[in-house]
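# What the coordinates show
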Amino acid sequence: MATMKAVRIHTFGGPEALSLDEVPVPHPRDDEVTLKVCAASVNPVDYKTREGSAGGDLPVTLGRDVSGVVELCGTRAHTLKKGDPMFAMLGHGRGGNAEYVVVRATEAAAKPERLSHVQAAAVPLAGITAWQGLFDHGNLKPGQRVLIHGGAGGVGHLAIQFAKTAGAFVATTVAAEDFDFVRELGADQAVDYKNQRFEDEVGDIDMVFDLVAGDTQDRSWNVLKPGGTVVSTLSEPSAEQARLHQARGISCVAEPNAAQLARIGGLIDGGKITPFVQATYPLEEVAKAEERLEREHTRGKIVLQVAA
């Protein structure tokens, strides 16, 4: 039986809980394909899973998004062939921090031609999170005003670009050293969250996209128009505050969506969206990658290089 390397956890804990195991190469069924992983990105859900705060059974392979090439096709994967470049946001139960992974048709799209596999791996989970938060849950429309908290991060830096492409006015809270970065992405207004109170700087907001939670979310109601929306990827917004401010509060969790991923890929190839990769690590140094993401302020994404 063919085997591969995969990053798994057998117990919950810190970076020392990560184990590089030798496991069987997975085989596809029906409309699935086995993808040879070229790169996989690191996300907060990885270290939250490792620590035990995101649930799940053990052992588990970490990693929710990948870029690679088709190795094997299931019996109903008629439109794909070996060697096709794909990128994907994986559903629960199959990790991308491995040399191979099974990907379902509902999770994958053709890799954008403009991007390397390392760049492409930075997109799926963060991109789908941003897309669904802004448009499916936030119903963002052209001409509206959106405030994105944490605009320099993995989800935030793509959300800024999506919102600008959709014709919105974009304000964002970031550290002062990230002002130039988010302005290059298209942000109309940047607020230094360390030294400025964003509610003193922005107002008349149609939608707050909250990637920070806590006190930042609590204060966000004050900048909304009546009828506005707070969408959070981290915690359930207060129903009481929503009523008091004649607003909506929505908590969202991203779900794989091949059609949306393909649309994002089209925007990338059209030159409208560009992911930013701050750092790359080999698969064997996944612990360093997770530790950096968890403990340091990062721009864009951190990606694992799995194969050439």
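We now turn to the structure provided with this report. This one's a predicted model, so the numbers in the text were calculated from it and none came from an experiment.

Along the chain, Ala247 turns up in the loop between helix H8 (239–244) and strand E14 (248–251). Judged by relative accessible area, Ala247 falls into the buried class, the value being 16%. Distance from Ala247 to Asp269, taken between C-alpha atoms, is 36 Å for residues 22 residues apart in sequence. Non-local contacts of Ala247, meaning those with residues more than four positions away in its chain, are made with Trp221, Leu224, Gly227, Gly228 and Ala242.

Another point: unusual backbone geometry. The residue after Leu58, namely Pro59, is reached through a cis peptide bond having omega -10 degrees. The topology assignment puts Pro59 in the loop between helix H1 (44–51) and strand E4 (60–61). The phi angle at Asp204 is positive, at roughly 60 degrees, despite the residue not being glycine. Here Asp204 lies in the loop between helix H6 (198–201) and strand E12 (205–210).

Turning to the pairing of strand E16 (residues 301–305), a few remarks are in order. Burial analysis of E16 places four of its five residues in the buried class, the great majority of the element. Bridge count for strand E3 (residues 33–42) against E16 is four bridges, and the pairing is antiparallel. Note that in E16 the partner of Ala40 across the bridge is Leu304. Pairing between strand E15 (residues 277–282) and E16: five bridges, direction parallel. Note on E16: the bridge partner recorded for Val277 is Lys301. In this region the chain leaves E15, passes through helix H10 (residues 286–295) and returns to the parallel neighbour E16; the handedness of that crossover is right-handed.

Analysis parameters
Residues numbered from 1 in each chain as written. Predicted model: local features only at pLDDT ≥ 70, side-chain atom pairs only at ≥ 80, totals over all residues. Heavy atoms only, no water. Helix = DSSP H or I, 4+ residues; strand = E, 2+ residues; numbered from the N terminus. Buried < 20%, exposed > 50% of the residue type's maximum accessible area, 1.4 Å probe, protein only. Contact = heavy atoms within 4.5 Å. Pairing = 2+ DSSP bridges. Right-handed = clockwise from strand over helix to strand, strands pointing away.

Read these as geometric descriptors, not functional statements.
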